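Architecture at a glance
Chain by chain, the residues:
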Amino acid sequence: MKMTRRTFGKLVLGAGVVAPFHFIRPAIAQPKAGDELVIGIWGGVQERIVREHVEKPLVEKYGCTVSYVLGGTGERRARAYAERGRPSFDVIYLNIYESRQAVADGVTQPASEAVPQAEHLYDMAKLGGYGVAFNPVTIAYDKRKASSPITSWKDMWNDEWKGRIAFPLYPGSQATAALVMSSLAWGGDEKNMDIGFEKVRELKPFAALQNSAEQAFQMFDQDLADLTVEFGSHARRQSEQVNPNIEVADPIEGQCAAMNVACIPVGAPNQVLAEEWVNLHLSEPCMQAYMREAYYSPTVTNVAVPDDLKGKLLTPEQIQRMPNLDWEYIASQQAAWSSRFNREIAG
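First, a word on what this report is: a plain description of the structure on this page. (Residues numbered from 1 in each chain as written. Predicted model: local features only at pLDDT ≥ 70, side-chain atom pairs only at ≥ 80, totals over all residues. Heavy atoms only, no water.)

So, on to the environment of S173. Within the secondary structure, S173 is located in helix α5 (residues 173-185). We classify S173 as partly exposed; its relative accessible area is 28%. Considered as a pair, S173 and V200 are 27 residues apart in the sequence and their alpha carbons are 16 Å apart. Apart from residues lying up to four places away in sequence, S173 is in contact with V137 and F231. (Helix = DSSP H or I, 4+ residues; strand = E, 2+ residues; numbered from the N terminus. Buried < 20%, exposed > 50% of the residue type's maximum accessible area, 1.4 Å probe, protein only. Contact = heavy atoms within 4.5 Å.)

Here is the structure:
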């Protein structure tokens, strides 16, 4: 079915309303002093925030200890799958599509009312575990080079961007967003990607194919590129700290959802502590730190956005406008899309 922009928006909103929220609680043992909680998470600012706002209050309450396995999602996802049914992790953090696939595969648990703050999660954040941070992918561009502000993903095809786009390499969240949103904007969807690949081919030649935000924005600074597709938080920080000419677009079709998700493995050794950990992560202090220090938008509705951060983080309307894509399907297509990207776009 071909979708107009208006019908697409209605379908997106509808998908959010009917999103399922599961409530399952396995048999558990109560925590005791000395229990060790094992957390798999990214390093850097996220590690620092959870140490301060999650670990400290949890250890103070239960006398437990916490150990971390730091790094990207690939290693801990592989370990979680290898340990299915006998996990060593109590909580692992995955991205939006990995988390939903892990629940479907029986590796991690769906969201549960055993985590009180889960009641306040946006519908999209209840899928695949417990969403803890929205960080959507969108268009970032040099506003001095734009004939008018970018308001649609279709604006990437405006003449001023020809040969000036630093397109993200696939696979990766940014390239996935660019491909899928191109398809949606021009009448396709994630399961009808011919139009997406066709339209992205029309954008060639690119200024470059970029494999990191740092690389893309260095090209902006050196006047080698004027537009890319990136995480909104990265683009916002770059604009504030390095290059004030960078503008972060809010396309009418929506920004492409990206989300960090806290997941409790099936059979987690410390179920109650894991649930308490996630609840603390979704609490006001941790959400405020995520907003302030990382420009990550809150995934719960009962946390206020500070006045000085409004306009820099997602509003509830923008969250509702993000397409609720079939991420399990997108994940299943990664090998096929990677081959097609290399053949038709990177080549």
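Quick look at the packing of helix α2 (residues 45-62) against helix α9 (residues 271-281) now. Packed helix pairs are characterised by how far apart their axes lie and by the angle those axes make with each other. One can describe the packing of α2 onto α9 by two numbers: an axis separation of 9 Å at closest approach and a directional angle of 135°. Between α2 and α9, the angle is such that the two are oblique. Both α2 and α9 take part in a crossing whose hand is right-handed. Contacts between α2 and α9 involve V50, H53, V54, E55, P57, L58, K61 and Y62 from the first element and L273, E276, W277, L280 and H281 from the second. Here the residues of the contact of α2 with α9 sort into eight nonpolar, two polar and three charged. (Axes fitted to C-alpha atoms, helices over the stretch in contact; angles between N-to-C directions. Parallel < 35°, antiparallel > 145°, perpendicular 65-115°, else oblique. Left-handed = near helix turned anticlockwise from the far one by under 90°. Nonpolar A, V, L, I, M, F, W, Y, C, P; charged D, E, K, R; others polar.)

The next subject is the pattern of salt bridges. Where charged atoms from two side chains of opposite charge come close, those side chains can pair. Overall, the coordinates contain 24 salt bridges when judged by the stated rule. A salt bridge links K145 to D223; the shortest N-O distance between them is 2.9 Å. On the criterion of sequence distance, the pair formed by K145 in the loop between β5 (137-142) and β6 (165-168) and D223 in the loop between α7 (213-221) and β8 (227-231) is long-range, its members being 78 residues apart. By relative accessible area, K145 is classed as partly exposed at 29%. If you follow the salt bridges from partner to partner, you end up with D194, R201, R340, R343 and E344 in one network. (Salt bridge = Lys/Arg side-chain N within 4 Å of Asp/Glu carboxyl O.)

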